[in-house]
Number of protein chains: 4
Amino acid sequence: MTQRGTSEELRVAVIGTGRMGADHVRRIQQVISGARVTAVVDVDAERAKAVAAPVAGCAAYSDPAAAMAADDVDAVLVASPGPAHEAALLTAFEHDLPVLCEKPLTPDAASALRVLEAELGLGRRRVQVGFMRRYDAEYVKLKALLGTGQLGRPLMLHNRHRNVASPPGFTSAMLISDSVAHETDVTRWLLGHEITAVTVLRPRPSANAPDGIQDPQFVVFETDGGAVVDVEIFVNCGFGYQVQAEIVCERGTARIGEGHAMVTNMAGRWGGTIAQDFTDRFADAYDRELQAWVDATRQGEVTGPSVWDGYAAAAVCEAGVRALEEGGRVEVELVERPALYR
Amino acid sequence: MTQRGTSEELRVAVIGTGRMGADHVRRIQQVISGARVTAVVDVDAERAKAVAAPVAGCAAYSDPAAAMAADDVDAVLVASPGPAHEAALLTAFEHDLPVLCEKPLTPDAASALRVLEAELGLGRRRVQVGFMRRYDAEYVKLKALLGTGQLGRPLMLHNRHRNVASPPGFTSAMLISDSVAHETDVTRWLLGHEITAVTVLRPRPSANAPDGIQDPQFVVFETDGGAVVDVEIFVNCGFGYQVQAEIVCERGTARIGEGHAMVTNMAGRWGGTIAQDFTDRFADAYDRELQAWVDATRQGEVTGPSVWDGYAAAAVCEAGVRALEEGGRVEVELVERPALYR
Amino acid sequence: MTQRGTSEELRVAVIGTGRMGADHVRRIQQVISGARVTAVVDVDAERAKAVAAPVAGCAAYSDPAAAMAADDVDAVLVASPGPAHEAALLTAFEHDLPVLCEKPLTPDAASALRVLEAELGLGRRRVQVGFMRRYDAEYVKLKALLGTGQLGRPLMLHNRHRNVASPPGFTSAMLISDSVAHETDVTRWLLGHEITAVTVLRPRPSANAPDGIQDPQFVVFETDGGAVVDVEIFVNCGFGYQVQAEIVCERGTARIGEGHAMVTNMAGRWGGTIAQDFTDRFADAYDRELQAWVDATRQGEVTGPSVWDGYAAAAVCEAGVRALEEGGRVEVELVERPALYR
Amino acid sequence: MTQRGTSEELRVAVIGTGRMGADHVRRIQQVISGARVTAVVDVDAERAKAVAAPVAGCAAYSDPAAAMAADDVDAVLVASPGPAHEAALLTAFEHDLPVLCEKPLTPDAASALRVLEAELGLGRRRVQVGFMRRYDAEYVKLKALLGTGQLGRPLMLHNRHRNVASPPGFTSAMLISDSVAHETDVTRWLLGHEITAVTVLRPRPSANAPDGIQDPQFVVFETDGGAVVDVEIFVNCGFGYQVQAEIVCERGTARIGEGHAMVTNMAGRWGGTIAQDFTDRFADAYDRELQAWVDATRQGEVTGPSVWDGYAAAAVCEAGVRALEEGGRVEVELVERPALYR
């Protein structure tokens, strides 16, 4: 692929159409800007066809290599099961295609190292791995705060990772390799350290864990920067999905993931920041508003606040200004509401 | 415009290229899916050209009517100053174009009523008004909770609306017509009531308010559903931008806008919900991840988590599984980090 | 009464042995320091006797005047119904006794004014009125924060006052005279203003309010310092007892009563203070610990943490220090637990 | 000592008049009910005299045994340095006196075991150890919640223990033996388990820790009930004093110590309880109110809310009731404020 102009849409092949893959197809088509899905791949050819059908200009494949060889594919999103990743990545390298690869990169260190060596052979990066916590607004804020140096150097990182219930077939080892895998990346990314040792403590398993499964586990990482990191992983906690992190630094701590904004402890005060502007507070609302309008309009529909709503607001504001200027209580008068707006 | 297929992109003319208009151009081009800007209009022709220049296939106009007459315009976004809205809307009606019109619909009730009558004349809705709080995640949750009936019927609604400082030229009346205008819509939309009377109380003005400006104000609405609504509007509060609402119903209350999730009071408990799934907790992160990948790839770049990150995670997880299975502390071994990944 | 040395205990007559009076007897005898109850008065002589019986050296009366004439009474606590307060206060004045008078001082302004004139005739204050919110830790913090001037001058005060359900016989007027009475004092005490006007708005009554009762009400005070104060009073809210206040000042706001510490909004940050010392964080725990020890010891009992607990802590700490110094995991060894400590 | 009637005050000898001892003297004399200090002991005779002087009927001693032999001593509070505890406890046993002994019971397990054996020789408990967290309102709530069984069995306990700065002479080992000592008791008391093994991890020391001090430390306990307990101990965190605990059970978690009430995670919701009654919400305020009144009255003073405050409340409520009944705004009229109440 040659360097593309930014006004051209990226044509993506999505490999794997399970829960994650199908969701990424939806995301590319309906949520984000600048890309569209032109190929969908699944070993189950019927499934690939079903996912491709509603997407204009999208072909269905059962062979990843065939999709990657297609003329209308600029980039690859790998969402197939972990054991299939290595082959898909190496094929993408052959076609010099950029890849977004869902986590894990591959199921073990040896295969990951083979991929790494292959990419090194290309002499440039082609792969972004799907560690999506780096894109979570709260983790991003935590990383940014660390970057300011206000808290001093990080010393400890406490993590909680809880799921309502583990899916069938989930093993004790998968608490580490599937779940804590996220915290390995969070640790490395937030701290900028490599992990040098791991210890796993085994609390008495919960009665709600499937028979024979060691759940919860308490994992301790040591890092080459001298930090100690603990992870509570509890995949049958029953009450909800929670991902929390508290970084403890020399001059304060910061905590995320508790259902509200980042909370810091510094210099005698706990708390968070207050937005300074509506573009900060309501950025997402503006995005959703425009998307809703575009989506409805493309369907030939009009939804959302109506002219009646605009008129009523104007009438109330007029009454309000009179109440301000003249004092007392001012009644609001509206014309009768037309049927169109009921 | 005839009914469009959903796979065709919506071609939008943006009228007005001030702060809001320019931001909407960016949003359509870079954030949301399914639309692109094909026309930009400003009375200042140079400004229109500057905004249009980086957008492929986008023309600049100084006359809204000319833009709306263009072949490649399917819809209009009106972001010009309020006094220009009426004319723009009526022109859009002539071209039968759907419109997203920034608030206010028009500056007063009489002109709003004229627009309403014109739309009634078309016999169908063409206009969505830009009351964007209806698209804010917290307001949406509050509305949804009210819809469940768990809280019983609404009796009161307390609002806080605070800005750091008012812009030059902001008058006492504009606290109502520009700021509380949002709460008029929030009140009507959340409660499903019309506002029947307004009272404005005048606390002693803050020393930080510009000379002669009545700031803060305390506004009370009464509604045809028997609710009492209060709004604290304080546009020179100094400390931040805050928009908060607490609905008080027969069996409980719910509060939003305090920097964290919706908090309810019900049956002896205060608190909020816990996500049940990662697709709920991390939906935005997935969106941002894919957008980041698409944006970088379109620039010919690779950013985000690398193969090295994937390899390191695999190595740590392998050590972790061994620590789990064998007990004790297991050291993590990594190959030397290649320069490509530094 | 002549000036007393601080080492002598105050001998108190408690007038009225309903819910509040009986609770105050318990409080004086078992919770606070430096006082004891020597007289208990109730028009129901049997009730007075029942309350006096377990209190050593406490006599029962049915006539307040007789109790106040007793030699062993230094001070009076008036907890009888409001209409009986005026007579009790005037009698206390005749005996020159200091009085703690439960709210309301008297049921109306005319009788309160008579009491005021009688105390003026004494030429010195004898009465403390039972507005106990002035002694609540959170209100005290809010008052102290206002005193520092950090927030600037107060402009508005928002109050919420919610009860689960109103008692039988509670009238619409009592929402004001019994419940909002507290907020009248909070307003005057926090702001240091007198209230100059009152407006009461009537939301649609809750379906859970007794028939014919206007509940909730929304009350607005104006003050001679130019503040606007609102009070939501809702005595059949169903979900709990909540008393909240948010003061809005020129440079920030502060909020109390939400089940956690005072939260402020100032200069781009929300949050609260962190204790700096264990004597701050655990002051109440130390008080309770000593009271528990004294109470048990007076009963000839030993409760609380035992020597076994002390021994176990010592053994764990020894193992911990070894683990710190030698690295790795150190097992804790304990002797067998004696039956005495099981 | 024979069994005492509950109406007699407990006469306490306080051994040690350092920070803790002097504070306990104040507490017994001025805060709690049912006890007074009749003896104060310190090896520094001048210091003992200075502490005893303002306490009526309190003698000063430099020898603990002499104080314990006094006729007017019913009980002993040991607040001397740890190494002096063993001798004081054994002497108290000789006199058959009940003892409240500040933590640590003794400085090491061997001496603690000797005390334990001596008390066993008495055949009944005489000692309460000063683990005061068992009396902290939040820990008490956490213990009570565990007792209900709602959360299921405990699996993990996460603790944070942070001090602003360590005092001079504080060693690495003292982070365990002085600070984590509290968490050893919290663990044993909350869980009802004995601790069976300890591991201590050493993060890179903070730059703010005194030279050579290993601070922070990350301590892991294992218990005979199969729980895993971690303690972050950080005695030079700089920003405040924080003691937090989160218990993780089979069906939910509960957290205390974050500056607000206990917060639970259960069944899809986070949050806390709402008081149901003013006696719950304002119990402490009532205690403080009465103590303030007693203290002032014993000084011959009257403080707190005045008759003027009572009168003003009555006048506002009267106006409020009229505003409720008649509608509109009602002005409040007050007589001129007398000088006595200014």
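What you see is a predicted model, and the numbers here were worked out from it, not measured in a lab. (Residues numbered from 1 in each chain as written. Chains lettered and ligands numbered in written order. Predicted model: local features only at pLDDT ≥ 70, side-chain atom pairs only at ≥ 80, totals over all residues. Heavy atoms only, no water.)

Another aspect to go through is the overall build of chain A. The helix and strand tally for chain A stands at 10 helices and 15 strands. Within the span of chain A, comprising 342 residues, buried residues form 62% of the whole. Restricting the contact set of chain A to residue pairs at least 6 apart, pairs at least 24 apart contribute 60%. Here chain A has roughly 12,000 Å² of accessible surface; of this, 51% comes from carbon and sulfur atoms. (Helix = DSSP H or I, 4+ residues; strand = E, 2+ residues; numbered from the N terminus. Buried < 20%, exposed > 50% of the residue type's maximum accessible area, 1.4 Å probe, protein only. Contact = heavy atoms within 4.5 Å. Areas by Shrake-Rupley, 256 points an atom, 1.4 Å probe, with all protein chains shown as cover.)

Let's shift gears to the relation of the copies chain A and chain B. Between chain A and chain B, which share one sequence, the superposing operator has a rotation angle of 180 degrees and an axial displacement of 0.0 Å; the RMSD is 0.0 Å. These values place the two chain copies in the arrangement generated by a two-fold rotation axis. Interface overlap between copies is the fraction of interface residues in one copy that are interface residues in the other; for chain A against chain B it reaches 100%, indicating a shared surface. (Least-squares fit on C-alpha atoms with pLDDT ≥ 70 in both.)

Sequence positions flagged by UniProt for "domain: Gfo/Idh/MocA-like oxidoreductase N-terminal" (unreviewed entry) are, in local numbering, residues 10-131 of chain A. Between the C-alpha atoms that bound residues 10-131 of chain A there is a distance of 21 Å. The span itself is 41% helix and 23% strand. (UniProt positions renumbered as here; feature names shortened; annotations may be inferred.)

This brings us to helix 7 (residues 172-191) of chain A. Residues and elements named next belong to chain A. Compared with an ideal rise of 1.5 Å per residue, which puts 20 residues at 28 Å, helix 7 spans 27 Å between its outermost C-alpha atoms and is within 8% of the ideal. Of all the bends in helix 7, the greatest measures close to 55 degrees and is centred on Val180. When you tally the buried positions in helix 7, you get 17 out of 20 residues, the bulk of the element. Two residues or fewer past helix 7, Gly192 is found with a positive phi of approximately 70 degrees. (Expected span 1.5 Å × (residues − 1). Bend = angle between axes of the 7 residues up to and from the residue.)

On to the packing of aromatic side chains, then. By the definition in use, this model includes 2 aromatic pairs over all chains. Summarising the aromatic geometry, the rings of A:Phe218 and D:Phe218 are spaced 6.4 Å apart at their centres and angled 5 degrees between planes, so their arrangement reads as stacked. With A:Phe218 in strand 9 (residues 217-223) and D:Phe218 in strand 9 (residues 217-223), this residue pair bridges two chains. Owing to a relative accessible area of 0%, D:Phe218 belongs among the buried residues under this scheme. (Phe/Tyr/Trp six-rings, centres within 6.5 Å; stacked < 30°, edge-to-face > 60°.)

A few words now on the relation of the copies chain B and chain C. Under the fitted operation, chain B is carried onto chain C by 0.1 Å of movement along the axis and a turn of 180 degrees, and the coordinates agree to an RMSD of 0.1 Å. Of the interface residues in chain B, 100% have counterparts in chain C that sit at the interface too, so the contact is made through matching surfaces.

Time to look at the pattern of salt bridges. If the charged atoms of two oppositely charged side chains come close together, the side chains can form a pair. In this structure the tally under the stated criterion is 75 salt bridges over all chains. Put simply, A:Glu232 and A:Arg162 hold a salt bridge, and the shortest N to O gap is 2.8 Å. Taken together, the positions of A:Glu232 in strand 10 (residues 228-234) and A:Arg162 in strand 7 (residues 154-162) put the pair 70 residues apart, joining distant regions of the chain. Each member of the pair, A:Glu232 as well as A:Arg162, carries the same accessibility label: buried. Among the ionic contacts, a cluster of salt bridges with common partners joins A:Arg134, A:Asp185, A:Arg188, A:Glu194 and B:Arg337. (Salt bridge = Lys/Arg side-chain N within 4 Å of Asp/Glu carboxyl O.)

All right, on to the interface of chain B and chain C then. In this assembly, 44 residues from chain B lie in contact with 44 residues from chain C. Summing the contributions of chain B and of chain C, the shared interface buries around 3,500 Å²; its carbon and sulfur component is 54%. A per-residue breakdown of the area chain B buries against chain C is headed by B:Arg204, B:Phe239 and B:Glu250, which together make up 20% of the total. Remark: the boundary between chain B and chain C carries 4 salt bridges. With its nearest N and O atoms 3.3 Å apart, the salt bridge here joins C:Glu246 to B:Arg162. (Buried area = accessible area lost by both parts, 1.4 Å probe.)

Right, let's get into the domain arrangement of chain A. When its domains are assigned, chain A resolves into domain 1 (10-130), domain 2 (134-273) and domain 3 (283-341). Placing the centre of domain 1 of chain A and that of domain 3 of chain A at their C-alpha centroids yields a distance of 45 Å. (Domains from an automatic or database assignment.)

If you trace the backbone, B:Leu90 turns up in helix 4 (residues 85-94). A C-alpha to C-alpha distance of 9.4 Å links B:Leu90 and B:Arg114, two positions 24 residues apart in sequence.

What follows deals with the interface of chain A and chain B. With 146 residues of chain A at the interface, the matching set in chain B holds 146 residues. Regarding the contact of chain A and chain B, the summed buried area is about 12,800 Å², with carbon and sulfur atoms giving 64% of it. Inspection of the chain A/chain B interface yields 2 salt bridges. Between A:Glu194 and B:Arg337 there is a salt bridge, with its nearest N and O atoms 3.1 Å apart.

Residue and element names in this part refer to chain D. For strand 2 (residues 35-41), the buried fraction is high: 6 of the 7 residues fall into the buried class. Here strand 1 (residues 10-15) runs beside strand 2; their pairing, made up of 6 bridges, is parallel. Looking at the pairing, Val12 lines up with Val37 of strand 2. Crossover connection from strand 1 via helix 1 (residues 19-30) to parallel strand 2: handedness right-handed. Looking at chain direction, strand 2 and strand 3 (residues 59-61) are connected through 3 bridges and run parallel. Following the sheet pairing, Val41 is matched in strand 3 by Tyr61. The handedness of the strand 2 to strand 3 crossover, carried by helix 2 (residues 45-52), is right-handed. (Pairing = 2+ DSSP bridges. Right-handed = clockwise from strand over helix to strand, strands pointing away.)

All right, on to the packing of helix 4 of chain B against helix 5 (residues 109-122) of chain B then. All names here are of chain B. The N-to-C vectors of helix 4 and helix 5 enclose an angle of 5 degrees; their axes lie 10 Å apart at closest approach. Considered as vectors, helix 4 and helix 5 are oriented roughly parallel to each other. Listed contacts from helix 5 to Glu86, Leu89, Leu90 and Phe93 of helix 4 are Ser111, Arg114, Val115, Ala118, Glu119 and Leu122. Here the residues of the contact of helix 4 with helix 5 are counted per class, giving 6 nonpolar, 1 polar and 3 charged. (Axes fitted to C-alpha atoms, helices over the stretch in contact; angles between N-to-C directions. Parallel < 35°, antiparallel > 145°, perpendicular 65-115°, else oblique. Nonpolar A, V, L, I, M, F, W, Y, C, P; charged D, E, K, R; others polar.)

Residue and element names in this part refer to chain B. Read across the open sheet, the 6 strands follow the order 3-2-1-4-5-6; overall the sheet is parallel. Unpaired on one side and paired on the other, strand 3 (59-61) and strand 6 (127-130) mark the two borders of the sheet. Direction aside, neighbouring strands of the sheet carry axes that sit 25 degrees apart on average. In this fold helix 2 (residues 45-52) packs onto strand 2 (35-41) and strand 3, with an angle of close to 165 degrees to the strand it touches most, strand 3.

All names here are of chain C. What the 6 strands build is an open sheet, ordered 3-2-1-4-5-6; its pairing is parallel. Each having just a single partner strand, strand 3 (59-61) and strand 6 (127-130) make up the two edges of the open sheet. Between one strand axis and the next, the sheet turns by 25 degrees as a mean value, whatever way the strands run. Sheet strands touched by helix 2 (residues 45-52): strand 2 (35-41) and strand 3. Its angle to strand 3, the strand with the most contacts, is close to 165 degrees.

Before going further, it helps to examine unusual backbone geometry. Backbone torsion omega between C:Lys103 and C:Pro104 reads -5 degrees, so that peptide bond is classified as cis. Within the element layout of this structure, C:Pro104 appears in the loop between strand 5 (99-102) and helix 5 (109-122). Phi angles above zero are rare outside glycine, and A:Asp96 is one such case at about 55 degrees. Within the secondary structure, A:Asp96 sits in the loop between helix 4 (85-94) and strand 5 (99-102). Residue A:Asp96 is classed as partly exposed on the basis of its relative accessible area of 27%.

On the secondary structure map, B:Glu246 appears in strand 11 (residues 242-249). Under the relative-accessibility criterion, B:Glu246 is labelled buried at 5%. Residues B:Glu246 and B:His158 lie 88 residues apart in sequence; the distance between their C-alpha atoms is 5.1 Å. A polar contact is formed between the side chain of B:Glu246 and the side chain of C:Arg162, at a distance of 3.3 Å. (Polar contact = N/O pair within 3.5 Å; in protein donor to acceptor, adjacent residues only side chain to side chain.)

The subject of this paragraph is the confidence of the model for chain A. Low pLDDT means the predicted atomic positions in that stretch should not be read closely. Residues and elements named next belong to chain A. Here chain A averages 84 in pLDDT, while 89% of its residues score no lower than 70. Across chain A, strand 3 (residues 59-61) holds the top mean pLDDT of 97, while helix 8 (residues 278-281) sits lowest at 59. The model gives residues 1-7 a pLDDT under 50, and that stretch makes 13 contacts with residues more than four places away or in other chains. Our summary of model confidence lists the complex with pTM equal to 0.83 and ipTM equal to 0.79. (pLDDT = per-residue confidence, 0-100.)

What follows deals with the side chain of C:Ser206. Among the structural elements, C:Ser206 can be located in the loop between strand 8 (195-201) and strand 9 (217-223). Using a relative accessible area of 4% as the deciding quantity, one classes C:Ser206 as buried. In contact with C:Ser206, other than residues within four places in its own chain, are B:Leu155, B:Glu250, C:Asp215, C:Pro216 and C:Phe234.

This paragraph deals with the packing of helix 5 (residues 109-122) of chain A against helix 10 (residues 307-326) of chain B. Packing of helix 5 of chain A against helix 10 of chain B leaves a shortest axis separation of 8 Å and a crossing angle of 165 degrees. Of the possible angle classes, the one that applies to helix 5 of chain A and helix 10 of chain B is roughly antiparallel. Crossing handedness for the pair helix 5 of chain A and helix 10 of chain B: left-handed. Here helix 5 of chain A contributes A:Ala109, A:Ala110, A:Ala112, A:Leu113, A:Val115, A:Leu116 and A:Glu119 to the contact with helix 10 of chain B, which in turn contributes B:Val307, B:Trp308, B:Tyr311, B:Ala314, B:Ala315 and B:Glu318. By residue class, the composition of the contact of helix 5 of chain A with helix 10 of chain B is 11 nonpolar, no polar and 2 charged. (Left-handed = near helix turned anticlockwise from the far one by under 90°.)

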